[in-house]
Amino acid sequence: MDRHIPIRLGMVGGGAGAMIGNVHRIAARLDGRFELVAGALSSDPARAASSAAAAGIARSYDDFERMARDEAARPDGIEAVSVCTPNHLHEPVARAFLAQGIHVICDKPMTATLAQAQDLAAAARASSALFVLTHNYSAYPQIRQARAMIARGDLGALRLVQVEYAQDWLTEETTSKQADWRTDPARAGAGGAIGDIGTHAFQLARFVTGMLPERLAADLSSFVPGRRLDDNAHILLRYGTGARGMLWASQVAPGRENGLRLRVYGETGGLEWQHDLPETLLHTPFGQPAQVLRRAGPGSTPEGSRVPPGHPEGYLEGFANLYAEAADAIRSGVHPDTLPGLRDGLEGMAFIDACIRSQAADAAWVEVTP
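The name an unreviewed UniProt entry gives the protein is Gfo/Idh/MocA family oxidoreductase, with Paracoccus liaowanqingii as the organism.

Have a look at this one:
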């Protein structure tokens with residue numbers, strides 16, 4: 001099929017007041033690869049209709065199961081769906097559309113529990129449709145650059161992996177649409193900060209290094225009185241290669257807005273990247289001057305770049321890179337290893353599960369088993 005014909009897209013969740021739904025809509029439309037034509041943006045009919053009208057969506061539903069059935073029966077029905085709901089709905093929503101052969105582009109984490117993720121993976125493997133998980137940071141050009149350099153051996157054998165994701169928006173008790181479900185175990189799942197942002201940090205380190213830790217020891221905290229899920233995590237990682245790692249995820253770090261940072265060190269050099277300077281990758285060969293690699297500049301590949309160097313790219317463009325790659329996979333039927341999917345989802349849920357088990361055993365070392 002002609003790749004220039006937009007893919008008919010639906011959306012579940014992401015209605016009025018939901019930040020991530022708007023991000024998905026912008027990213028899907030940025031390259032003209034998708035046309036958003038249907039949505040179940042809320043279970044309340046009036047809210048669903050008003051949210052759909054505001055987003056320019058022609059067909060509005062208030063029931064995702066009916067949407068999956070009805071759209072599959074239409075000759076002009078959706079070909080793919082974006083799942084932008086709270087975590088506890090990821091599995092039933094994705095399963096409903098996969099059963100109809102409709103491709104799923106799901107926000108992270110994959111599900112609320114590891115058991116749900118395993119069930120969903122089985123459903124996805126039995127479906128003709130693709131399952132994509134939007135770990136958007138893995139689509140930043142300089143992250144792809146770092147991944148290629150490590151795979152090429154530029155750092156030698158890896159020794160140290162340091163990744164952190166720190167925010168401050170839950171430093172005190174707060175009530176909002178975003179905070180309420182993320183601090184509710186019934187909707188977020190067993191992980192708080194480790195599920196919301198820790199899975200991003202975990203996947204980023206995995207994506208860039210190619211390594212999955214075999215064991216971890218997690219010290220989880222809930223600093224805000226009465227909070228039922230973790231809002232801070234310090235996690236030690238051990239890899240089968242002998243490398244060691246540390247992951248810090250926090251939503252109670254005043255002054256940190258969206259502080260995602262990755263540092264990787266090997267026998268012959270290191271790499272450093274941080275989200276608030278996304279176009280810069282620092283390469284530090286041992287015993288040599290540091291090299292500042294800029295997006296699409298000398299020494300960097302142009303992969304994922306949309307505009308020439310000096311014209312800033314960031315969060316929305318990285319998200320759009322994933323959507324563009326998803327569109328290529330949908331049209332070709334080939335899921336490239338750079339596009340997050342079932343493996344990333346299962347590994348992320350295994351990470352959360354291992355953290356919970358470790359914390360229950362007073363931060364003991366536990367196996368990480370997808």
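So, next bit.
Trainee: Help me understand the environment of Thr-301 in this model?
Mentor: Looking at where Thr-301 falls in the secondary structure, it is placed in the loop between strand S14 (291-294) and helix H10 (315-332). Looking at Thr-301, the relative accessible area reads 36%, which means it is partly exposed. For Thr-301 and Arg-144, which are 157 residues apart along the polypeptide, the C-alpha to C-alpha distance reads 8.8 Å. In this structure, Thr-301 is in contact with Gln-145 and Ala-296, ignoring residues within four places of it in sequence.

Trainee: What am I meant to see in the UniProt feature "domain: GFO/IDH/MocA-like oxidoreductase" (unreviewed entry) in the protein here?
Mentor: Look at the UniProt record and you will see "domain: GFO/IDH/MocA-like oxidoreductase" (unreviewed entry) annotated at residues 143-272. Here residues 143-272 runs as 28% helix and 32% strand, with 10 Å between its end C-alpha atoms.

Trainee: Whenever I open this one, the side chain of Arg-144 confuses me. Can you help?
Mentor: Topologically, Arg-144 is positioned in helix H6 (residues 141-152). Overall, the relative accessible area of 9% leaves Arg-144 in the buried class. Ignoring any residue separated from it by four or fewer positions in sequence, one finds Arg-144 in contact with Ser-138, Ala-139, Phe-207, Glu-303, Leu-322, Glu-325 and Thr-338.

Trainee: Sorry, what's going on with the domain arrangement of the protein here?
Mentor: Buried accessible area, meaning the area lost when the parts come together, often serves as the stated size of an interface. Domain boundaries assigned for the protein yield domain 1 (7-133) and domain 2 (139-307 + 342-367). When each unit is reduced to the centre of its C-alpha atoms, the spacing between domain 1 and domain 2 is 27 Å. Residue-level contacts link 25 residues of domain 1 with 21 residues of domain 2. Interface area, domain 1 with domain 2, both sides summed: about 1,800 Å², of which 63% is carbon and sulfur.

Definitions and cut-offs
- Each chain has its residues counted from 1, running along the sequence as written.
- Where totals are concerned, whole chains, interfaces and linings use all residues; where local detail is concerned, this predicted model gives features only for residues with pLDDT of at least 70, and gives and counts side-chain atom pairs only at 80 or more.
- Side-chain metrics rest on all non-hydrogen atoms present in the structure, leaving aside hydrogens and water.
- Helix and strand labels come from DSSP, where a helix needs a run of H or I of at least four residues and a strand needs a run of E of at least two; each type is numbered from the N terminus.
- Buried means the residue's accessible area, taken with a 1.4 Å probe over protein chains only, is under 20% of the maximum for its type, while exposed means over 50%, and partly exposed covers the values in between.
- For this analysis, residues touch if any pair of their heavy atoms sits within 4.5 Å.
- UniProt positions are given in the numbering used here, feature names are shortened, and annotations may be inferred rather than shown by experiment.
- Boundaries between domains were set according to an automatic or database domain assignment.
- Each of two parts loses accessible area, computed with a 1.4 Å probe, when they are put together; buried area is these two losses added.

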